[in-house]
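Geometric and topological summary
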Amino acid sequence: MVPDYWIKVDQIVSKGKAIFLCGSAGGTFVPKGGMMKPENKWETPAVLRAVLKEGKIAEWCVYCDNEPIREKMRAAAS
């Protein structure tokens, strides 16, 4: 769906076993059977939260506004 998905981290904050990555996420929406098109690129601010347990990521959450990619999905469906 987003073959070139990317995350850009501008700031890292840690507290206890939680790590917060602040920045942005984006990519290019490609509809099923479609092709990558420049007009389907999107980007949004994002915060990612990881909780560590025994040195491994036990929890991974992404907080961002999904409206930019939803807009591309609606346009492709019409």
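The following refers to the structure shown.

Rules used throughout
- Residues numbered from 1 in each chain as written.
- Predicted model: local features only at pLDDT ≥ 70, side-chain atom pairs only at ≥ 80, totals over all residues.
- Heavy atoms only, no water.
- Helix = DSSP H or I, 4+ residues; strand = E, 2+ residues; numbered from the N terminus.
- Buried < 20%, exposed > 50% of the residue type's maximum accessible area, 1.4 Å probe, protein only.
- Contact = heavy atoms within 4.5 Å.
- Areas by Shrake-Rupley, 256 points an atom, 1.4 Å probe, with all protein chains shown as cover.
- Lys, Arg positive; Asp, Glu negative; His and termini not counted.
- Charge placed at Lys NZ, Arg CZ, Asp CG, Glu CD.
- Salt bridge = Lys/Arg side-chain N within 4 Å of Asp/Glu carboxyl O.
- Pairing = 2+ DSSP bridges.
- Axes fitted to C-alpha atoms, helices over the stretch in contact; angles between N-to-C directions.

Further remarks concern the overall build of the chain. When helices and strands are tallied, the chain shows one helix and four strands. Mapped from its N terminus to its C terminus, the chain presents α and β elements in the order β-β-β-β-α. Taken along the three principal axes of its C-alpha coordinates, the chain extends 45 × 20 × 15 Å. Residues counted as buried form 26% of the 78 residues belonging to the chain. If you take every contact in the chain between residues at least 6 apart in sequence, the share linking residues at least 24 apart comes to 40%. Summing over all exposed atoms, the chain offers an accessible surface of approximately 5700 Å²; the carbon and sulfur share of this is 57%. When the 12 basic and 9 acidic side-chain charges of the chain are each reduced to a single mean position, those positions are 6 Å apart.

On to the pattern of salt bridges. Proximity of charged atoms lets side chains of opposite charge pair with each other. This structure, assessed with the given rule, holds three salt bridges. Between E59 and R49 there is a salt bridge, with the nearest N and O atoms lying 2.8 Å from each other. On the criterion of sequence distance, the pair formed by E59 in strand β4 (residues 56-64) and R49 in strand β3 (residues 41-53) is long-range, its members being 10 residues apart.

With that settled, consider the environment of P38. Looking at where P38 falls in the secondary structure, it is placed in the loop between β2 (18-28) and β3. Under the relative-accessibility criterion, P38 is labelled exposed at 63%. For the pair P38 and K53, spaced 15 residues apart in sequence, the C-alpha to C-alpha distance is 40 Å.

Ordered by their spatial adjacency, four strands build an open sheet running β1-β2-β3-β4, and the pairing between neighbours is antiparallel. Because the sheet does not close on itself, it has two edges, and the strands there are β1 (6-15) and β4. The mean inter-strand angle of the sheet, taken between neighbouring strand axes irrespective of direction, is 25°. Strand direction decides the pairing type here: β1 and β2, joined by nine bridges, are antiparallel.

Positioned with a positive phi, E54 is a non-glycine residue whose angle comes to about 55°. Here E54 shows up in the loop between β3 and β4.

Everything listed here is a matter of geometry and, on its own, says nothing about what the molecule does.
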